[in-house]
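# Commentary on secondary and tertiary structure
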Amino acid sequence: MLRLVARRLLKVIPLLLLVTVIAFGLLNLVPGDPAVQIAGEFATEEQIEAIRTELELDRPWLSRYGSWLSDAVRGDLGDSLFSGVSVRSQIWDRLPATVSLIGWSLVLSALIGIPAGTVAGWREGSALDRFLTVGTTIGVAIPVFVTGLVLALVVGIKLGWLPATGYVGITESPWQWARRLILPAFALALTGAAEIARQTRAGVIEVKKQDFVRVARANGLHTRQVLGKHTLKNAMIPVVTVVGLQIGRLFGLSVLVEQIFNIPGLGSRLITAVFENDVPFIQGTVLMLGTVIVLVNAGVDISYGYFNPRVRGS
Amino acid sequence: MTTATPDAAPSVGPRSTAASRPETRWGRFVRRFRRQRGAVAALAFIVIVVVCAVFAPWVAPKDPIDQDLSASLAGPSSEYWLGADRLGRDTLSRLIFGARFSLLAAVQAVLVATVLGVPIGIVAGLARGWVDAIASTIADAVLSIPAIVLALAIIGVLKPNLTNAMIAIGIVYAPRLFRVVRSAAISVREETYIEAARAGGVGTLTIARTHVLPNVASPLVVQISLALGFAVLAEAGVSFLGLGVQPPDASWGVMLGQSTAELEDHPILVLAPGIAIMLAVLSFNVLGDGLNDSLGREIRRE
């Protein structure tokens, strides 16, 4: 087990380094003179010069990367190009809303996906199974912004059950915080739920055929006991991995959901940054999210090895 | 899908003659594919959309950019089958022309992903060693950044327009194709006929072209279908945010983004492009699954 942890952590280092290269290298994709391009059509000579100084474009690439990396490691991601506010504090301000949204939708997608997948797998081939299989196939294909808009319209506006847009911090009012996050989190959760349902279904079908489950059933144990104690416990292992992998997807899709539900999270800030060509903020966000996901994936792999000793060796 | 009936003779088709001579690979594929009604329907839908997109000027009842303010926000009628938007532009015509942008964009993105992912995947899978290690780590690093975030970041440093958006989405998807191609290449690498070719002095490039590529083709076709679904969805998302296709041109994503303000009173303006996107993505996904089941090797899961 210790060897697994060590080996996995060793793989993390080059990955993290590459993520920093990607984040920093984004600037090199800018065609022509980055300073001129970023400043935009109507920029004055001084503005262009200011951007050149801020990004230190007169220095060679490698030395710029070196100082950027050593700053980043110490948590300094530079300042936004136009507002001059530090990127770290902006990300920090926006993170709670995004993390709340993703947390809620992870919970919801597990609450929807695991029972649905269990029932479908346990009753494989039944009408309910076929219905759920078709449902998950369609669920994956519906764009998250369509689900979001329809939910906002029907539940938020027409029925008026829940507020359709806006965000309230948990410290201000936990009740309002939860109420306002339900709709966006639900919209975000649907694709994830479909994925988790598929994985759970496959896991249940796999485990259900194993001898110990058949013995338990033959011994006359109640279905609920066989399902809960023997089948689900084992079928859940791959599901944990999927839930872990969902986090990256959810971060990405939250960009769209935040835009629709007017949530002041990281995603909506990123869109502003993209429109403003705010390269330091874009770099900082890519670096931060890439790092988080690399670490989450490593954690998921390690926990997989913990739950399933057979994979430790390979 | 239907349960795995063995490849017994279906009642239709020229199967009766097949008893006398062995079935070709293509024949087997067609027979298997035809059994999957979902995939056939998906293919039919895609063909219809492609035909509409190609012949849009002849198929569409009106000009998609032509404004008729007297018809502003008109409901569905015999003249405007799906109504009109705030500027009085015919929704149906915009959908038909929008298919051009959405499909073209998806093809562009998948082309970029293929050009990047396939050759590198074949080389990495054949060469193994440090080449493979480096390429795989890069793929892993790109995959660990959320696809939409990376695409937005690339668009952010380039310029928001359709081509840049599709290059971004192609780059983001390339590692997925890379992985599939690489593992297919690895699985054929140890085959005896490759060893024989090597021993016979055939160069690596020739081996890659004549032996590996054909074996990679089946999983690749499946992945390309799924990639097209991903690209349609991604293009819609990026254009919805205003970072893809630029008005007055309109893809389905642009139509959606422009009509969010009309959602409450004229939901059809949002639902029409939304359903179009959903059906297109669904079709590519179902087609991909169907191809996967039809192209599989002889030994299949029960």
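Membership of the largest hydrophobic core comes to 151 residues, with the highest contact counts inside it found for A:Phe145, B:Val212 and B:Trp252. The element best represented in this core is helix α10 (residues 204-240) of chain B, accounting for 14 residues. Residues A:Val204, A:Ala216, A:Val226 and A:Leu227 belong to the second largest nonpolar core, which totals eight residues.

Residues and elements named next belong to chain A. Here the domain parsing of chain A yields domain 1 (1-81 + 277-314) and domain 2 (90-265). Computed over C-alpha atoms only, the centres of domain 1 and domain 2 are separated by 30 Å. Every contact between the two is made by 15 residues of domain 1 and, on the other side, twelve residues of domain 2. Here domain 1 meets domain 2 over a buried area of about 1100 Å², counting both sides, of which 84% is carbon and sulfur. Three residues stand out in domain 1 for area buried against domain 2, namely Phe 281, Val 300 and Tyr 304, and they jointly supply 33% of the buried area on that side. Applying the counting rule to domain 1 against domain 2 returns zero salt bridges.

The next thing to look at is a nonpolar patch on the surface. All names here are of chain B. On the surface, Leu 43, Val 47, Val 50, Val 51, Val 54, Phe 55, Trp 58 and Val 59 cluster together to form a nonpolar patch covering roughly 720 Å² of accessible area. Top element by residues in the nonpolar patch is helix α3 (residues 37-54). It accounts for five residues. Within the secondary structure layout, Val 51 lies in helix α3.

Here we take up the interface of chain B and chain A. Listed as interface residues are 39 residues of chain B and, on the opposing side, 42 residues of chain A. Around 3500 Å² of area is buried between chain B and chain A when both sides are counted, 85% of it from carbon and sulfur atoms. The largest per-residue losses of area from chain B upon contact with chain A belong to B:Ser144, B:Val157 and B:Leu241, which jointly make up 16% of the total buried on that side. At the surface where chain B touches chain A, the tally comes to zero salt bridges. Here chain B is connected to chain A by zero residue pairs in polar contact (both at pLDDT 80 or more).

All right, on to the side chain of A:Ser80 then. Residues and elements named next belong to chain A. Here Ser 80 shows up in the loop between α4 (61-73) and α5 (87-122). Within the structure, Ser 80 has its side chain in polar contact with the side chain of Gln 90 (distance 2.9 Å). Within the structure, Ser 80 has its side chain in polar contact with the side chain of Asp 278 (distance 2.5 Å). What Ser 80 contacts, discounting residues up to four positions off in sequence, is Val 85, Val 87, Gln 90, Arg 269, Asp 278 and Phe 281.

The subject of this paragraph is helix α8 (residues 174-208) of chain A. When the terminal C-alpha atoms of α8(A) are compared, their 42 Å separation across 35 residues is substantially less than the 51 Å that a helix rising 1.5 Å per residue should span. A bend of about 40° at A:Ile182 is the largest found in α8(A), and the proline A:Pro184 appears one to four places after it.

What counts and how
Residues numbered from 1 in each chain as written. Chains lettered and ligands numbered in written order. Predicted model: local features only at pLDDT ≥ 70, side-chain atom pairs only at ≥ 80, totals over all residues. Heavy atoms only, no water. Core = buried A, V, L, I, M, F, W, Y, C linked by side-chain atoms within 4.5 Å. Buried < 20%, exposed > 50% of the residue type's maximum accessible area, 1.4 Å probe, protein only. Helix = DSSP H or I, 4+ residues; strand = E, 2+ residues; numbered from the N terminus. Domains from an automatic or database assignment. Contact = heavy atoms within 4.5 Å. Buried area = accessible area lost by both parts, 1.4 Å probe. Salt bridge = Lys/Arg side-chain N within 4 Å of Asp/Glu carboxyl O. Patch = residues over 30% accessible without salt bridge, like charges linked within 9 Å, V, L, I, M, F, W, Y side chains within 5 Å. Areas by Shrake-Rupley, 256 points an atom, 1.4 Å probe, with all protein chains shown as cover. Polar contact = N/O pair within 3.5 Å; in protein donor to acceptor, adjacent residues only side chain to side chain. Expected span 1.5 Å × (residues − 1). Bend = angle between axes of the 7 residues up to and from the residue.

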